[in-house]
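# Examination of the molecular architecture
Here are the chains, one letter per residue:
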Amino acid sequence: PPAEKIAAPAPEPPVEAPPVEPPAPPSSETAVEEKESAKESTDGQGPPEQMGDGRFVNLSLGVNFIFPNAQLFIHIYRHLAFSGGATLFSYPSDAGKMSGRGFHGALNYFGEPSFGGLWFQLGVGKNLLTIEQGGSSETFPSLSAQISFGWRWTLLGHLNFGFGVGANYLQKTKETLDIGISGLFPAIEMDLGLSF
């Protein structure tokens, strides 16, 4: 008998892939958060390890009015820095002379996190002053306060120059010899700093 022909199986219909839905657009809150995060990463206000362009300390030497001083600035948060320093006082007058030394601490604001741009400083200090008049002298502790604002310029790499104006106040006691000093002095700051 003739061989029976085996019918070939019918081809299966192709399997269609499920449609891919486009991602949903980000919400307005998410877009704002991403924008703020990108801004922080570019303006130096990011996390602490990126703050101040990698510079956390600035050491400066200069003068405040006619008094030489040294300051050490340390970044604490974004544009804010704490500074501590020492000042030598020597101020002659027609009636005598004031001299001494002091230490101060201050809160600083910088327009640029790397110790540059607009500069605002508010500080207090503790000093040991001596007043000399004729053959007499008197030594006494004195509190002080300072407020100033100015600008810091970046010079060469890590060097910077600061200039500011404001006011200094040195406390006097009732027993202080009178040599014509009111205790209020102008604050005219000029210093050269090195940041690292």
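Small disclaimer: the values here were computed from a predicted structure and weren't measured.

This part is about the overall build of the protein chain. Helix and strand counts for the protein chain stand at one helix and eight strands. Ordering the α and β elements of the protein chain from the N terminus gives α-β-β-β-β-β-β-β-β. Going through the 196 residues of the protein chain one by one, you find that 33% of them count as buried. For the protein chain, the computed accessible surface area is about 12600 Å², with 65% contributed by carbon and sulfur atoms.

By the bridge criterion, eight bridges tie strand β1 (residues 57–64) to strand β2 (residues 67–77) in an arrangement that is antiparallel. Along β2, the bridge assignment pairs Asn64 with Phe67. In this structure, the hairpin formed by β1 and β2 is closed by a connection of two residues, where Phe65 is found at a positive phi of approximately 65 degrees. The pairing of β1 with strand β8 (residues 184–195) spans seven bridges and is antiparallel. Residue pairing in the sheet places Asn58 in a bridge with Ser195 of β8.

The next thing to look at is the nonpolar core. Counting residues in each nonpolar core, the largest one holds ten residues, listed as Phe67, Phe89, Met98, Leu129, Ile131, Phe140, Leu170, Ile179, Ile181 and Phe185. Setting aside anything within four residues of it in sequence, one finds Ile131 in contact with Lys97, Met98, Ser136, Ser137, Glu138, Phe140, Thr176, Leu177 and Ile179. Counting five residues, the second-largest nonpolar core is a separate cluster that includes Ala81, Phe110, Phe115 and Trp119.

Before going further, it helps to spend a moment on the packing of aromatic side chains. All chains considered together, the criterion is met by eleven aromatic pairs. A ring pair is formed by Phe73 and Trp119, whose centres lie 6.1 Å apart and whose planes are at 75 degrees; its orientation type is edge-to-face. Residue Phe73 is located in strand β2, and its partner Trp119 is located in strand β5 (residues 116–133); the two are separated by 46 residues in the primary sequence. Of the two residues examined, Phe73 and Trp119, each falls in the buried class. Among the aromatic residues, ring-to-ring pairing joins Phe65, Phe67, Phe89, Tyr91 and Phe185 into one connected group.

Attention now moves to the pairing of β2. Relative to strand β3 (residues 80–93), β2 is paired through eight bridges, and the arrangement is antiparallel. Each bridged residue has a counterpart across the sheet, and for Phe73 the counterpart in β3 is Ser83. The antiparallel pairing of β2 with β3 creates a hairpin that spans two residues between the two strands, and Arg78 there sits at a positive phi of about 50 degrees.

A few words on unusual backbone geometry. The phi dihedral of Phe65 falls on the positive side, at around 65 degrees, and the residue is not glycine. Looking at the secondary structure, you find Phe65 in the loop between β1 and β2. Classification of Phe65 by relative accessible area gives partly exposed; the value is 25%.

With that out of the way, let us pick up the sheet that holds β1. The antiparallel closed barrel is built from eight strands, whose spatial order is β1-β2-β3-β4-β5-β6-β7-β8. The average angle at which neighbouring strand axes cross in this sheet is 25 degrees, direction not considered.

Let's shift gears to the pattern of salt bridges. This structure, assessed with the given rule, holds one salt bridge. A salt bridge links Asp191 to Arg152, with the shortest nitrogen-to-oxygen separation between them at 2.9 Å. Of the two residues, Asp191 is situated in strand β8 and Arg152 in strand β6 (residues 136–154); the sequence distance between them amounts to 39 residues. By the burial criterion, Asp191 is buried, and Arg152 matches it.

To continue, consider the environment of Thr130. Structurally, Thr130 is set in strand β5. On the accessibility criterion, Thr130 (18% relative accessible area) is buried. For the pair Thr130 and Ser99, spaced 31 residues apart in sequence, the C-alpha to C-alpha distance is 5.3 Å. With near-sequence residues (within four places) excluded, Thr130 lies in contact with Lys97, Met98, Ser99, Ser137, Glu138 and Thr139.

Conventions and cut-offs
- Residues numbered from 1 in each chain as written.
- Predicted model: local features only at pLDDT ≥ 70, side-chain atom pairs only at ≥ 80, totals over all residues.
- Heavy atoms only, no water.
- Helix = DSSP H or I, 4+ residues; strand = E, 2+ residues; numbered from the N terminus.
- Buried < 20%, exposed > 50% of the residue type's maximum accessible area, 1.4 Å probe, protein only.
- Areas by Shrake-Rupley, 256 points an atom, 1.4 Å probe, with all protein chains shown as cover.
- Pairing = 2+ DSSP bridges.
- Core = buried A, V, L, I, M, F, W, Y, C linked by side-chain atoms within 4.5 Å.
- Contact = heavy atoms within 4.5 Å.
- Phe/Tyr/Trp six-rings, centres within 6.5 Å; stacked < 30°, edge-to-face > 60°.
- Axes fitted to C-alpha atoms, helices over the stretch in contact; angles between N-to-C directions.
- Salt bridge = Lys/Arg side-chain N within 4 Å of Asp/Glu carboxyl O.

So yeah, pure geometry; function would need other evidence.
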